[in-house]
Amino acid sequence: MPYQRDLLPSFAGINSFARAPRAAFDDIRQGTVAVLGIPHDGASTSRQGVRQGPRSIREASADFIYDLQASESGALVDVISGRVLNTPRPSALVDLGDLQSSPLDLQGAMDACTDAFSRISKSGGFPVALGGDRFITFPLVGGLAEGVGQNVGLIRISGQLSLADPDSPHGPDWTGASLRRILDADHVQARNAVCIGVQGYIPYREWDYARDHGVTVITADALKDHGPEASARRALELAGDGCDAIYVSLDIGVVDSGYASGTADIVVGGVVPRDLLNLMRALSASSRIAALDVVEVAPGLDVRGRSERLAAQAIIELIAPRVFGA
Amino acid sequence: MDLPRGDLEHLRDGMVAICGVSYDLSCTSRIGSRFGARAIRDSASYYAGAFSRNDLVEITTGDRMSGARRSQILDLGDFNAYPLDWPRTEKELRRSMHEVTATGATPVVLGGDHFISYPLCLGYADAVRERSGRSIGYIQFSSRLDLGTSDPVWGDVWRGATARRILDSSALSPKNMVWVGVNGYVRREEWDYARDNNLAVFTLADIRQQGLQPVIEEAMSTAGDGCESVYVSIDFDVMDGGIVAATADPCFDGLTNVELLKAVDILRRKKAGALDLVGMNPTVNMVSATGPRLGAWIIIRFLAGDALAYP
C-alpha cells in the first residue's frame, strides 16, 4: 500500500495508467485488465519519439481519472452519450509497468511482447499495451493467439494498411509490414482482419493485397459516412466470424493531424476525435474483445499534449465495461 | 489593443472597462491562466495598428468599427488578487466589479481561471441591484457544469464549483442561470443536480441538433427573463481542443472558433451587460498565438456593436 492516506491532486504521485495500482504478472486474475508499457521504437522508419508513448499516456490519464476519484457520487457521466463510469473495484485495473526491451534488440523485444500477452491472456487477464511503434502489434497478436490457443480476429484502427511485402526496401521487420506479418504467420485469417480509418495514398501492392486476400477495409471516409456505431457492428461481425477472441489495435496516427499531431505520420482528412471515441465505445460492448494496443503516440511531436490525452481517453472508452462498470 | 489606460474616475456611463484578473490557483490541473490577461492584451495589440489608421469592417457580419471610438474603452489594468489568500481575493474581486459597474460602464474581464467568475458575477449583481433594484441572469459557456460543492483535494476554492457558488449565493434566481456547450464526462452528482433542479443546460448535442443561433437566443431570453441584465462567462474549454488547445484540459469536441464568435455576436446584439473570458492558458502551447488571438478577437467582436461601432 502506498503511504498516502488521502487523494492526491492529478499532477502528484507515482505515474501509472489511470492511477491503477502497480502489479506483477502473478497478480493477474480472471477479468483483470492489465496495462503494460512497451516503449519500443526499433521498427519505426518515420518521425521518432514513440518510445516516450507509454509514460505520456499514463500521465495524460491522470487529470481525467482524478475527476472520477474526487467525485462525490463515485461516478462520471458523459452528458451526450449518457455513458456512466463508476469507481472500479480494487484490482479490476492494474499497471504492470514497462516491458524489458532494448530498441537495438528487435527479436528480444518481439519475444518479450509475445510472452507477455500470452501470459496475461492465459491468466484470464485482458492485456492493454501502451506502445511503442505499430510493429509491436505483430508479436502481441501472436501472444494473444498463443494465450487463447486459436486464431484471433483483428480490428486495426489505423490510417495505414501495413501490408508491405517482406521483400520491400525496409525488409520484413518494420512498421509498414506489421499486418502482413500477422497474416503470414497465420495468427489471424485475412477474412477476420478489419482495417478501419485507412486514408490517403497507400502503396498499390498493399491495396491489391487487401482486396485479393479478403482483408476488409473501412476507409476514414466510410467511417464518417456510415458512422462509428454501424462501422463497429460490421467490424465485430467480420473479425469475430469463427473467432472467440478479437484483438483491437489503435494507431493514434489514424486521427487527423489537426487534432493529434503527436505521431509519426501526418494525416490530412483523418478521423476526428469524436468519431474515434464513439467507435471505441461501440466496440467496447462486445465481450469478444480480448486485448488492446495503442501505438504510435509520440508526445514530443505534439506541443499541446493532446495526442496522448486522446489515446488515454480511447483506452478508457474501450475498457469501460470491464473496469468502470459502464 | 493599445487602449487608453484609465482609472475608475475616468469611466462614464456607456463606456467599456477592460479589467484583468491574474489568478489561477483554483484550477486543478495545468495552471497558467494567470498569464491569460496579459497574453490577450499582447495579442490584441496586433489589431491596434489597423484601428489607429483605419476603420475596420468585419466582413462576415458587416460590422463597421471606428478607430476613433477607441476612447470609449478604458483598460483599468488588473484587479488585485492575492494568490495565497482566496477569501481576500474573493472580497476584492467582488468589490472591484461592483465599483466598476456602478460607473455605468460595461465590464469586460480577462481571466484567470473560471472560479473568479463567482465573485465577479456577484459584484456585478450587487451594482445592478443597487442601481435598478432588479436582478441579473448568468450564462456560462463551458464544457463543464461547475455545479460541484467541494473537492476532496481543493476544498471550497475550486473552479468546478463556480456556478454552484453563484447559485447557492441566492443573488440570482436559478431560473436565470444557463449552461451552454456542455460535453464529455462530468461528475454524476453535478449532472443529477442539474436535472433534479431543472436547470437550463444546453449540451453540445443540443446545439448541433437545434442550431447555434436558436440555442443562444433561447439562452439569452431565459437568462434575461425578468432581469435587468445578463452576465456572460466564457470558459475557453468550451472550444474544440483541436482548434484551440490553450486551456488546462482541452476537450475532444466542442464549439469551433467560428461558432463561438457567432455566439458572441448574438450575445452583444441581445445586450449582454458584462463579459468575462476565463480558462485561457497561453503556457500550454507557447508556440502558437491562436488562443490569445482568438481571445482578443472575441473581445473585439463583443465590442463591435457597442463601443467600437459607428455612432
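Rules used throughout
Residues numbered from 1 in each chain as written. Chains lettered and ligands numbered in written order. Predicted model: local features only at pLDDT ≥ 70, side-chain atom pairs only at ≥ 80, totals over all residues. Pairing = 2+ DSSP bridges. Helix = DSSP H or I, 4+ residues; strand = E, 2+ residues; numbered from the N terminus. Axes fitted to C-alpha atoms, helices over the stretch in contact; angles between N-to-C directions. Expected span 1.5 Å × (residues − 1). Buried ≥ 20, exposed ≤ 12 C-beta atoms within 10 Å, placed from the backbone. Arc of directions from axis to C-beta. Contact = placed C-beta atoms within 7 Å. Nonpolar A, V, L, I, M, F, W, Y, C, P; charged D, E, K, R; others polar. Core = buried A, V, L, I, M, F, W, Y, C linked by C-beta atoms within 7 Å.

Student: So, the sheet that holds strand β8 (residues 185–187) of chain B: which residues are in play, and what are the values?
Tutor: Paired through their backbone hydrogen bonds, the strands of a sheet run either parallel or antiparallel. Spatially, β3(A)-β2(A)-β8(B) is the arrangement adopted by the three strands of the open sheet, whose pairing is antiparallel. In this open sheet, the two strands that pair with only one neighbour each are β3 (84–86) of chain A together with β8 of chain B. Averaged over all pairs of adjacent strands, the angle between strand axes in this sheet comes to 25°, irrespective of strand direction. Note that strand β2 (residues 75–78) of chain A and β3 of chain A share three bridges and pair antiparallel. Paired with Val77 of chain A across the two strands is Val84 of chain A, which belongs to β3 of chain A.

Student: Go over helix α7 (residues 212–224) of chain B, please, and point to the residues and values.
Tutor: Think of an α-helix as 3.6 residues a turn; residues three or four steps apart then line up on the same face. Residues and elements named next belong to chain B. Between its terminal C-alpha atoms α7 stretches 18 Å, which fits the 18 Å expected from 13 residues at 1.5 Å a residue. Residues of α7 that are buried include every one of Leu212, Val215, Ile216, Ala219, Met220, Ala223 and Gly224, and no others. Axial view of α7: buried residues confined to an arc of 150°, hence all on one face. Buried positions along α7 lie against β6 (136–141), β7 (177–182), β9 (200–203), α6 (204–210), β10 (229–235) and α8 (257–269).

Student: Quick rundown of the interface of chain A and chain B? Include the residues and the values.
Tutor: Listed as interface residues are 29 residues of chain A and, on the opposing side, 27 residues of chain B. Elements that contribute at least two residues to the side of chain A that touches chain B include exactly α1 (53–70), β2, β3, α7 (273–284) and α8 (306–323) of chain A. Along the lines of polarity and charge, the residues of the side of chain A that touches chain B split into 17 nonpolar, five polar and seven charged. Examined bridge by bridge, β2 of chain A and β8 of chain B share three bridges and lie antiparallel to one another. Across the sheet, the residue bridging to Asp78 of chain A is Tyr185 of chain B, located in β8 of chain B.

Student: Outline the nonpolar core, listing residues and values.
Tutor: Residues and elements named next belong to chain A. Within the largest apolar cluster, 215 residues are counted, with the highest numbers of intra-cluster contacts made by Ile246 and Val294. No other element matches the ten residues that α8 contributes to this core. Leave out the neighbours within four places in its chain, and Val294 touches Ile57, Leu130, Gly131, Leu250, Ile252, Ala311, Ala314 and Ile315.

Student: So what's going on with unusual backbone geometry? Which residues, and what values?
Tutor: Of the consecutive residues Gly131 of chain A and Gly132 of chain A, the connecting peptide bond is found in the cis state with omega at 10°. Note on placement: Gly132 of chain A falls in the loop between β5 (126–131) and α3 (137–148). Backbone torsion omega between Gly111 of chain B and Gly112 of chain B reads 10°, so that peptide bond is classified as cis. By the element assignment, Gly112 of chain B lies in the loop between β5 (106–110) and α3 (117–132). In this structure, Ala18 of chain A is a non-glycine residue whose phi angle is positive, near 50°. With respect to the secondary-structure elements, Ala18 of chain A resides in the segment before β1 (33–38). Residues other than glycine seldom take positive phi values, yet Ser91 of chain A does so here, at roughly 70°.

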